[in-house]
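If you want the building blocks of each chain, they are given just below.
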Amino acid sequence: MKFAVFASGHGSNLQAIIDAVKAGTITGELALVVSNNRKAPALKRAQDAGIKTLFLNPQDYATPTSYDRQLTIHLKQEQIDFIVLAGYMRLVSAFFVKTYARKILNIHPSLLPSFKGLDGIKDAFTYGAKVTGATVHFVDEKMDHGPIILQDAIKIAESDTIETLTEKIHKIEHRIYPKAIQLFVEGRLTMKGRRVEIVEKP
Ligand code: GRF
């Protein structure tokens, strides 16, 4: 199975995925890294790992759908089976979600459905939550809403700062995202309504 990672920024999740592919704990082929940000360090990480990259400039497209149509052309060319969003700071269009229905994964740094949006870690911290975490989910038409694949939680200690909490949550992300991707590759995720069930290994 071939997959693409979409990333706009730092790319620490991308790095965890690259490392897992190298280690053989993800058995899918990471064939393409896509970014909407020419300067994303994630692109450099991909290049360093010898992975093909694609930068598409949103300013060259009149609408999110036309941007995503172009993306789809590239993904079809590369025979990409599924998409992994890893810090991709763009909402994917309804067209894209339909084209890759149940084939787009995302990671969010909170226990969804709490603290959706751009700043899940800071929002949980400043709200005063005692527990937070990270969520891997399928992408649907609504932001941070699709069926949940994996979650893991941690307590927010009184001694935590946004920085220490961010570090702890990234550690969780780097552990659960490769795991979720491999479950998808192995075809072990089944849907009951919006519940995702993990099929045991035979
Ligand atoms: C992660 O916290 C992820 O949950 C969120 O964006 C952040 C990306 O970090 N969607 P990185 O670029 O993978 O380091």
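Provided above is the structure to which this section pertains.
Residues numbered from 1 in each chain as written. Predicted model: local features only at pLDDT ≥ 70, side-chain atom pairs only at ≥ 80, totals over all residues. Heavy atoms only, no water.

Peer 1: Before we move on, can you summarise the overall build of the protein with the specific residues and values?
Peer 2: When you go through the protein residue by residue, the secondary structure sums to six helices and nine strands. Against the globule reference of 17 Å for 202 residues, the protein gives a C-alpha radius of gyration of 16 Å, in line with a compact fold. Seen along its three principal axes, the alpha-carbon backbone of the protein occupies a region of about 50 × 45 × 35 Å. Long-range pairs, those at least 24 residues apart, make up 62% of the contacts in the protein with a sequence separation of at least 6. Within the structure as shown, the protein displays about 10500 Å² of accessible surface, and the carbon and sulfur contribution to it stands at 53%. (Helix = DSSP H or I, 4+ residues; strand = E, 2+ residues; numbered from the N terminus. Rg over C-alpha atoms; globule rule 2.2 N^0.38 Å. Contact = heavy atoms within 4.5 Å. Areas by Shrake-Rupley, 256 points an atom, 1.4 Å probe, with all protein chains shown as cover.)

Peer 1: Mind laying out the nonpolar core, listing which residues take part and the relevant values?
Peer 2: Counting 42 residues, the largest nonpolar core has Phe3, Val5, Ile17, Leu30, Ile149, Tyr177 and Ile181 as its most contacted members. Per element, the largest residue contribution to this core is ten residues, and it comes from helix H6 (residues 162–185). Excluding its chain neighbours within four sequence positions, the residues that come into contact with leucine 30 are Phe3, Ala4, Val5, Leu14, Ile17, Ile18, Val21 and Ile51. Within the second largest apolar cluster, 20 residues are counted, among which are Ala31, Leu56, Leu75 and Leu85. (Core = buried A, V, L, I, M, F, W, Y, C linked by side-chain atoms within 4.5 Å. Buried < 20%, exposed > 50% of the residue type's maximum accessible area, 1.4 Å probe, protein only.)

Peer 1: Kindly report on the site of the ligand, identifying the contributing residues and their values.
Peer 2: Lining the immediate environment of the ligand, one finds His10, Gly11, Ser12, Asn13, Gly87, Ile107, His108, Pro109, His170 and Glu173. Residue serine 12 places a side-chain N or O atom 2.6 Å away from an oxygen atom belonging to the ligand. Contacts to the ligand include proline 109, whose backbone N or O atom sits 3.5 Å from an oxygen atom. Notes on the ligand: free accessible area 370 Å², of which the protein chains cover 85%. Broken down by secondary-structure element, the contributors of at least two residues to the shell around the ligand are helix H1 (12–23), strand S5 (104–108) and H6. Residue composition of the shell around the ligand, grouped by class: two nonpolar, seven polar and one charged. (Near = heavy atom within 4 Å. Polar contact = N/O pair within 3.5 Å; in protein donor to acceptor, adjacent residues only side chain to side chain. Nonpolar A, V, L, I, M, F, W, Y, C, P; charged D, E, K, R; others polar.)

Peer 1: So what about the packing of H1 against H6? Which residues, and what values?
Peer 2: Axis separation between H1 and H6 bottoms out at 9 Å; the angle between their running directions is 55°. With respect to H6, the axis of H1 lies oblique. Helix-helix and strand crossings are classified by hand; for H1 and H6 the assignment is right-handed. Contacts from Ser12, Asn13, Ala16, Ile17 and Ala20 in H1 reach Glu173, His174, Tyr177, Pro178 and Ile181 in H6. Across the contact of H1 with H6, the residue classes tally to six nonpolar, three polar and one charged. (Axes fitted to C-alpha atoms, helices over the stretch in contact; angles between N-to-C directions. Parallel < 35°, antiparallel > 145°, perpendicular 65-115°, else oblique. Left-handed = near helix turned anticlockwise from the far one by under 90°.)

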